[in-house]
Amino acid sequence: QVQLVESGGGLVQSGGSLRLSCAASGRFFSINAMGWYRQAPGKQRELVARITSSGTTDYADSVKGRFTISRDNAKNTVYLQMNTLEPEDTAVYYCNCNYKPNWNRSPYDAWGQGTQVTVSS
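## Looking at the packing of aromatic side chains
One pair of aromatic rings is described through two measures. These are the centre distance and the angle between the planes. A full pass over the atoms with the stated rule returns 2 aromatic pairs. Between the NZ or CZ atom of Arg19 and the centre of the ring of Tyr79, over which it lies, the distance is 4.2 Å. Across from the ring centre of Tyr94, 3.8 Å away, lies the NZ or CZ of Arg45, which sits over that ring.

Here it is in structure tokens:
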């Protein structure tokens, strides 16, 4: 089972920057991908950015060119550098980890507790 610990959320003015971190710990065979999702009030949870173990990245169109996801495989940690933040980026950001508990098991998804990001105009 994987546990995720997130950090780095907060309040920032429009145009500012924040960096989110998420560290995975626990027992697992391998991590396939880690990523960040967000959920704004009254909206569905959506993918922000995702990175596979080989380094392939995927971004929501709304954050391309402003957000950068990176990963330290040795530390099982994923980072989300968020630049040029906009009020529309305000949401609870959740870390996700897709992992295999054992070599012969199907992948599971683990979720962090969420961290609030608020961008003021």
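Here the narrative resumes, following the displayed structure.
## Structural notes on the environment of Gly10
Among the structural elements, Gly10 can be located in strand 2 (residues 10-13). Beyond its immediate chain neighbours, meaning those up to four positions away, Gly10 contacts Leu18, Gln116, Val117 and Thr118.

## A closer look at the pattern of salt bridges
Here the structure, examined in full by the defined rule, presents 5 salt bridges. Of the charged contacts in the structure, one is a salt bridge between Asp89 and Arg38, with a shortest N-O distance of 3.0 Å. Of the two residues, Asp89 sits in the loop between strand 8 (77-82) and strand 9 (91-100) while Arg38 sits in strand 4 (residues 30-39), which places them 51 residues apart along the sequence. Because the salt bridges share partners, they merge into one network encompassing Arg38, Glu46, Arg66, Glu86 and Asp89.

Rules used in this analysis
Residues numbered from 1 in each chain as written. Predicted model: local features only at pLDDT ≥ 70, side-chain atom pairs only at ≥ 80, totals over all residues. Heavy atoms only, no water. Phe/Tyr/Trp six-rings, centres within 6.5 Å; stacked < 30°, edge-to-face > 60°. Lys NZ or Arg CZ within 6 Å of the ring centre and 35° of its normal. Helix = DSSP H or I, 4+ residues; strand = E, 2+ residues; numbered from the N terminus. Contact = heavy atoms within 4.5 Å. Salt bridge = Lys/Arg side-chain N within 4 Å of Asp/Glu carboxyl O.

Note that every value here comes from positions in space, so none of it alone points to a role or purpose.
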